[in-house]
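# Observations on the three-dimensional arrangement
Each chain, letter by letter, is given below.
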Amino acid sequence: VFGDGKEFPVTATGLDLLVYVATHPDQVFTRDQLFSAVWGSDYTGDLATVAVHIQKIRKKIEKDPSSPECIETLWGTGYRFNSMKR
């Protein structure tokens, strides 16, 4: 994955998550939706996993991870890949 002109390694799951949101720009996803899409409906785990992976991706692709522009959090709703900030 490239961010800010640099190449960063990501896990396979992190890449799956990034590709999923990036191929659905401007669409809002709940953690449940992302969890099902990336980990599968048969996977039993904690939904907090989504937030952890989003945080790790942001650290690699965002100029300022504490104020993300590419992968936005819509509080109380979910996440969105912002196509206008790519």
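### Topic: the overall build of the protein
Counting secondary structure elements, the protein contains 3 helices and 5 strands. Ordered by position from the N terminus, the helices and strands of the protein form the series β-β-α-β-α-α-β-β. Taking 12 Å as the expected radius of gyration for a compact globule of 86 residues, we find that the protein reaches 12 Å, a close match to that expectation. Overall size of the protein, expressed as C-alpha extent along the three principal axes, is 35 × 25 × 20 Å. Looking at the protein as a whole, 29% of its 86 residues are labelled buried. For the protein, the proportion of contacts with a sequence separation of at least 24, taken over those separated by at least 6, is 46%.

### Notes on the pattern of salt bridges
Within this structure, the stated rule accounts for 1 salt bridge. For Glu72, the salt bridge is made with Arg80, and the minimal N-O distance between the two is 2.9 Å. Under the relative-accessibility criterion, Glu72 is labelled buried at 18%. Assessed through its relative accessible area of 24%, Arg80 is described here as partly exposed.

Parameters and conventions
Throughout this description, residue numbers start from 1 for each chain and increase along the sequence as written. Local features in this predicted model are restricted to residues of pLDDT 70 or higher, and side-chain atom pairs are both shown and tallied only at a pLDDT of 80 or more, whereas totals for entire chains, interfaces and linings draw on every residue. The basis for the side-chain values is all heavy atoms of the structure; hydrogens and waters are excluded. Helix numbering and strand numbering both begin at the N terminus, where a helix is a DSSP run of H or I of at least 4 residues and a strand a DSSP run of E of at least 2. We compute the radius of gyration over the C-alpha atoms and compare it with the globule rule, which gives 2.2 Å times the number of residues raised to the power 0.38. Relative accessibility thresholds used throughout: buried, under 20% of the residue-type maximum; exposed, over 50%; partly exposed, between the two (1.4 Å probe, protein chains only). Any two residues whose heavy atoms approach within 4.5 Å at even a single point are treated as in contact. A pair is scored as a salt bridge if a Lys or Arg side-chain nitrogen falls within 4 Å of a carboxyl oxygen belonging to Asp or Glu.

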